[in-house]
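Topology and contacts: notes
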Amino acid sequence: MKQESYKLFKDENIETILNFLKSELVNRNESPFWSDKVIPFSEAILTVLIPLRDADMLFNPEGAVVDSLTPELFFMWSDFVSLKSLAFTIQKSNLAKELLRTKLDSLVCKKYRGIDLKILGDYLAKNRVNLEDENIDFPIATYNLHQGVSNVIKSLL
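Below you will find a few notes about this structure.

Quick notes on the rules
- Position numbers for residues count from 1 along each chain, tracking the sequence in the order it is written.
- Under the rules for a predicted model, residues below a pLDDT of 70 receive no local features and side-chain atom pairs below 80 are neither given nor counted, while totals for whole chains, interfaces and linings still include all residues.
- Only hydrogens and water are set aside when side-chain values are computed; all heavy atoms of the structure are taken into account.
- The term nonpolar core refers to a set of buried residues drawn from Ala, Val, Leu, Ile, Met, Phe, Trp, Tyr and Cys, joined through side-chain atoms within 4.5 Å.
- Three labels apply to residues, based on accessible area from a 1.4 Å probe with only protein chains included: buried if under 20% of the type maximum, exposed if over 50%, partly exposed otherwise in between.
- Helix and strand labels come from DSSP, where a helix needs a run of H or I of at least four residues and a strand needs a run of E of at least two; each type is numbered from the N terminus.
- Picture the helix axis, draw a direction to every C-beta atom, and the arc is the one those directions span.
- Residues adjacent in sequence count toward polar contacts only when both atoms are side-chain atoms; beyond that, a polar contact is any pair of N or O atoms within 3.5 Å, and within protein one must be able to donate a hydrogen and the other to accept it.
- Contacts are residue-level and defined by heavy atoms, with any inter-residue pair within 4.5 Å sufficient.
- By this rule the span expected of a helix is its residue count minus one, scaled by 1.5 Å.
- A fitted line through C-alpha atoms represents every axis, and for helices the fit uses only the stretch in contact; the resulting angles, taken between N-to-C directions, go from 0 to 180 degrees.
- If an angle is under 35 degrees, it is roughly parallel; if it is over 145, roughly antiparallel; if it lies from 65 to 115, roughly perpendicular; otherwise it is oblique.
- What makes a crossing left-handed is the near helix being turned counterclockwise from the far one by less than a right angle; a clockwise turn instead makes it right-handed.
- When residue character is reported, Ala, Val, Leu, Ile, Met, Phe, Trp, Tyr, Cys and Pro are called nonpolar, Asp, Glu, Lys and Arg charged, and the others, Gly included, polar.

Looking at the nonpolar core
- Residues Leu21, Leu52, Leu86, Ile90, Leu99 and Ile153 are the most contacted members of the largest nonpolar core, which totals 47 residues.
- For this core, the secondary-structure elements that each account for two or more residues are helix H1 (3–11), helix H2 (14–27), helix H3 (32–54), helix H4 (71–78), helix H5 (80–96), helix H7 (118–126) and helix H8 (140–156).
- No other element matches H3, which puts 10 residues into this core.

Looking at H1
- Here H1 has its buried residues at Ser5, Leu8 and Phe9. All buried residues of H1 project into a common sector of 90 degrees when viewed along the axis, lining one side. Residues Gln3 and Lys10 are exposed on H1 and point more than 90 degrees away from its buried face.

Here we look at the side chain of Asn60
- With respect to the secondary-structure elements, Asn60 resides in the loop between H3 and H4.
- Of the polar contacts made by the side chain of Asn60, one reaches the backbone nitrogen of Glu62; its length is 2.9 Å.
- Non-local contacts of Asn60, meaning those with residues more than four positions away in its chain, are made with Val66, Leu73, Met76 and Trp77.

Thoughts on H2
- Between the first and last C-alpha of H2 there are 20 Å, a value that for 14 residues agrees with the 20 Å anticipated at 1.5 Å per step.
- Looking at H2, one finds that the buried residues are Ile14, Ile17, Leu18, Phe20, Leu21, Glu24 and Leu25. Summarising the axial view, the buried residues of H2 lie within an arc of 155 degrees, below the 170-degree limit, and thus occupy one face. Facing away from the buried surface of H2 by more than 90 degrees, the exposed residues are Glu15, Val26 and Asn27.

Quick word on the side chain of Asn127
- Structurally, the position occupied by Asn127 is in the loop between H7 and H8.
- We classify Asn127 as buried; its relative accessible area is 13%.
- One polar contact links the side chain of Asn127 to the main-chain carbonyl oxygen of Tyr123, over a distance of 2.9 Å.
- Ignoring sequence-local partners within four residues, the contact set of Asn127 consists of Phe80, Thr142 and His146.

Comments concerning the packing of H3 against H5
- Running from amino to carboxyl end, H3 crosses H5 at an angle of 45 degrees, the nearest separation of the two axes being 12 Å. Between H3 and H5, the interaxial angle falls into the category oblique. For the pair H3 and H5, the sense of crossing is left-handed. Contact residues: H3 offers Phe41, Ile45, Val48, Leu49 and Leu52, while H5 offers Phe80, Leu83, Leu86 and Ile90.
- Residues belonging to the contact of H3 with H5 are distributed by class as follows: nine nonpolar, no polar and no charged.

Here you go:
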């Protein structure tokens, strides 16, 4: 990973990170097929991770506390099964008005402020993820496609 990528994820807003990815896609002359998928996928993930970063409430897919947003953490959440789990965790946390399903200190979790799930929810719904029942699987082709998208993003960072 480029050092610049770590600084972006640690400090910058969603727009700056997405603009960086767009620029890298152009510089690398990436296929329009991948270009059309990288930005919406990244935006969907970042709309949750950036607010968690800014609230000092980052955690990994296993629920463990994470100190800072890094490209590696982004890629942990870019696994489509993990991303679906994140969406349900935030949905349940929004309803409970405290961060759930993590190993963060309970006092920290009680300071949680809701996160808007519109962009992530729309993205997941468009990719045939059932947003009502967490136990219903999505098509394996969706998982495989997103593995490819993640690989393209890794090559950019």
